[in-house]
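Structural overview for review
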Amino acid sequence: MDWASPSTVVKLSSAGLAAARQSEAEEITLPPTTAMRFKDLGADMLGQFKAGAVIPVEQAALPETVDNKFSLSITTRSGVKVDLTLASLDDGMALQVSASGELNDDERNALSGLAAGFQAAIDGMALDDPQIRLGGLAGFDSKFLQSVDFHAAVKQSTLPPSTQTLDFHADGTQRKVSIGGAAGKAEVSIDTSKLESLGTREQQNKAISSYLKEFDQATARGHGDAKVMTMFKDAFSDMSRTSTREAEQDRGLSLPGKWTLAAEDHAALTGLADFSASVTQAPAWSNPLRLGEKDSFSYEVSQNTRTEGERRDDRTIAQSQQSHLSAQFHEPLKKGGALKLDTTPQSQNYEYHLIDDTASSNVELGYKDGKLVKASLLQTASQSEQVLKFMMGKLASDKTTPTSHTLARDLMDSLALYQSGAPARSADETSEARDERRKQSLSALSGNMFLLATPSELAARDSL
């Protein structure tokens, strides 16, 4: 790939693209898809850095009208900014690259190392049903790269026509994703500035799986858009797989001004970096006779962790998790029946549901002179569903069903037994057996720290 000029427009006919991506029989009848147009292009552009290709300093303007656009902006540790853009327009492709200065070999290698991640992000967004694939970009080499930004704008074959967008930013303190489209929007923001509360990879995977289950439950209960929620789940998963405690220890990373947490501290936490995330479905008004009854879906979830204290022996740790679901939707009176709301009285037989659910989890640990003096867990889950039943357009019933459960637990007995220096269970118990028992017990305790959104699940946990 020749980068002698800052921007290159490559003319590729539909037949030429089809010939490159499809068999001879297919190219006659099928036009190239967006995914075919961009296949391997992003990876090839970034791969050129390792070969030492010349990078123009000035950046020419792209054509004013493009169909689909993908751009990547990277700032190196030395302050050099590199910009790459790929776009499709009618029967051609526009490729653009520039750099604000010279790159050293380490920076070039770090850039080329993002090739697969850049292409994966493009391939996901280029699908007919876009997918979020940001794991490769999120795992950039922070030793040589300071920040990474990715933007995608892809036209969708909807009526009316719409554009699906994705914006991703990552640096040393945060990771953020914003998703937008006709069906709704979603955001995920991860705080990567605090390292002391990070868990192991195993613990993080368990926490992510638990949250994904909560997201599915919220989608089903609130009749959320499955495609929007899938993109939200993918973004949450990729962004939440940040550095782990194991990785930081392997790197010999020190935590200036902070102290490391004990195993029992980690057992009371999720192991995830703090985050805030939300997904909002585009509202719809499906009943022409009652425009005040909109169909909507909104879900928010977050986590915040505090570690305080002038010294480790007098530390306090607190972690809070919370979620909120608000949704409204119409359903036919008969389960599985058809819902066809129009201006006739005969169509006005339906139920209108209003959902308002909240959940929270709060854990607090406190130490005095190195001894655990406080360890508590408080979790709540409440659900409220109001159902308005209409027959021939007239309100036949209005019923609200609230449910809730609260779990309050003293964790002192669970954690104090496994503090450093605690006695063995028996005189003949080996240190290895004791360590294994401690590990298994703390792992089991960790599984009960995750947020639960339904009162029934929380009550089941409370009964254990």
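Residues numbered from 1 in each chain as written. Predicted model: local features only at pLDDT ≥ 70, side-chain atom pairs only at ≥ 80, totals over all residues. Heavy atoms only, no water.

Let us now look at the overall build of the protein. Helices and strands together make up the secondary structure of the protein, namely 14 helices and 14 strands. Residues classed as buried in the protein amount to 45% of the 464 residues present. Expressed as a percentage of contacts within the protein between residues at least 6 apart in sequence, the contacts between residues at least 24 apart total 67%. Summed over all atoms, the accessible surface of the protein reaches about 22400 Å², with 51% contributed by carbon and sulfur. (Helix = DSSP H or I, 4+ residues; strand = E, 2+ residues; numbered from the N terminus. Buried < 20%, exposed > 50% of the residue type's maximum accessible area, 1.4 Å probe, protein only. Contact = heavy atoms within 4.5 Å. Areas by Shrake-Rupley, 256 points an atom, 1.4 Å probe, with all protein chains shown as cover.)

Glancing now at the environment of Ser193. Tracing the chain through its elements places Ser193 in the loop between strand S8 (184-191) and helix H8 (201-222). You can call Ser193 partly exposed: its relative accessible area is 44%.

Okay, the layout of surface pockets next. Taken as a whole, the largest pocket spans an internal volume of roughly 650 Å³. In terms of lining residues, the largest pocket is bounded by 33 residues, among which Asp128, Asp129, Pro130, Gln156 and Ser157 are the most central. Elements represented by at least two residues in the lining of the largest pocket include exactly helix H3 (34-38), strand S5 (145-156), strand S6 (162-170) and helix H9 (226-240). At 4 residues, H9 tops the list of elements feeding residues into the lining of the largest pocket. A per-class count over the lining of the largest pocket returns 12 nonpolar, 14 polar and 7 charged. (1 Å grid on protein atoms, 1.4 Å probe; cavity = no way out; pocket = protein on both sides within 12 Å on 5 of 7 lines; lining within 4 Å. Points joined across faces, edges and corners; volume = space filled by probe spheres on them. Nonpolar A, V, L, I, M, F, W, Y, C, P; charged D, E, K, R; others polar.)

A few words now on the pairing of strand S3 (residues 81-89). Judged by how many residues are buried, S3 sits mostly within the fold: 8 of 9 residues are covered. Linking strand S2 (residues 68-76) to S3, which pair antiparallel, is a turn of 4 residues; within it Gly79 sits at a positive phi near 100°. Sheet topology places S3 next to strand S4 (residues 92-99); 8 bridges connect them, and they run antiparallel. Pairing of Val82 across the sheet is with Ala99, part of S4. From the end of S3 to the start of S4, which pair antiparallel, there are 2 residues, and Asp90 there has a positive phi angle of about 45°. (Pairing = 2+ DSSP bridges.)

What follows deals with the pairing of strand S12 (residues 350-368). Of the strand pairs in this sheet, strand S11 (residues 316-332) and S12 are connected by 17 bridges, and their pairing is antiparallel. Bridge pairing in S12 links Ser326 to Asp356. Relative to strand S13 (residues 371-391), S12 runs antiparallel, the two being bridged by 19 bridges. Paired with Ser360 across the strands is Thr380, a residue of S13.

Here Asp265 is to be found in helix H11 (residues 263-267). A distance of 2.6 Å separates a polar atom in the side chain of Asp265 from a polar atom in the side chain of Tyr367. (Polar contact = N/O pair within 3.5 Å; in protein donor to acceptor, adjacent residues only side chain to side chain.)

Compared with the 32 Å implied by 1.5 Å per residue over 22 residues, the 31 Å span of H8 between its first and last C-alpha is a close match. Those residues of H8 not exposed but buried are Gln203, Gln204, Ala207, Ile208, Ser210, Tyr211, Leu212, Glu214, Phe215, Ala218, Thr219 and Gly222. Of the residues one or two after H8, His223 is the one with positive phi, at around 55°. (Expected span 1.5 Å × (residues − 1).)

With that out of the way, let us pick up the nonpolar core. Counting residues in each nonpolar core, the largest one holds 74 residues, and the members touching the most others are Leu134, Phe150 and Phe168. It is H9 that contributes the most residues to this core, 7 residues altogether. If sequence neighbours within four positions are ignored, Phe168 has contacts with Leu134, Leu137, Ala138, Val148, Asp149, Phe150, Lys176, Val177 and Met239. With 21 residues, the next largest nonpolar core counts Ala268, Leu269, Ile317 and Tyr367 among its residues. (Core = buried A, V, L, I, M, F, W, Y, C linked by side-chain atoms within 4.5 Å.)

What follows covers the packing of aromatic side chains. A complete count under the given rule lists 11 aromatic pairs for this structure. Between the aromatic rings of Tyr211 and Phe215, the centroid separation amounts to 6.1 Å while the plane-to-plane angle is 35°, which identifies the pairing as tilted. Here Phe215 and Tyr211 lie together in helix H8, a separation of 4 residues that amounts to about one turn. When the ring of Tyr211 is compared with that of Phe275, the centres are 5.3 Å apart and the planes differ by 90°; the resulting orientation is edge-to-face. (Phe/Tyr/Trp six-rings, centres within 6.5 Å; stacked < 30°, edge-to-face > 60°.)

So, about the packing of helix H4 (residues 41-50) against helix H6 (residues 115-125). As a packed pair, H4 and H6 sit with axes 7 Å apart at the nearest point and diverge in direction by 160°. Viewed along their axes, H4 and H6 adopt a mutual orientation that is roughly antiparallel. Our pair here, H4 against H6, has a crossing hand that is right-handed. Counted together, Leu41, Gly42, Ala43, Leu46 and Gly47 of H4 and Ala115, Phe118, Gln119 and Ile122 of H6 form the full contact between these two elements. Here the contact of H4 with H6 is built from residues that sort into 6 nonpolar, 3 polar and no charged. (Axes fitted to C-alpha atoms, helices over the stretch in contact; angles between N-to-C directions. Parallel < 35°, antiparallel > 145°, perpendicular 65-115°, else oblique. Left-handed = near helix turned anticlockwise from the far one by under 90°.)

Residue Pro160 is reached from Leu159 by a cis peptide bond, and omega for that bond is -5°. For Pro160, the position within the fold is in the loop between S5 and S6. Within the chain, Asp40 stands out as a residue other than glycine whose phi angle is a positive 70°. Judged by its relative accessible area of 35%, Asp40 is partly exposed. Of note in this structure, His223 is not a glycine but carries a positive phi near 55°. Among the secondary structure elements, His223 is positioned in the loop between H8 and H9.

Shape descriptors only; they carry no functional weight alone.
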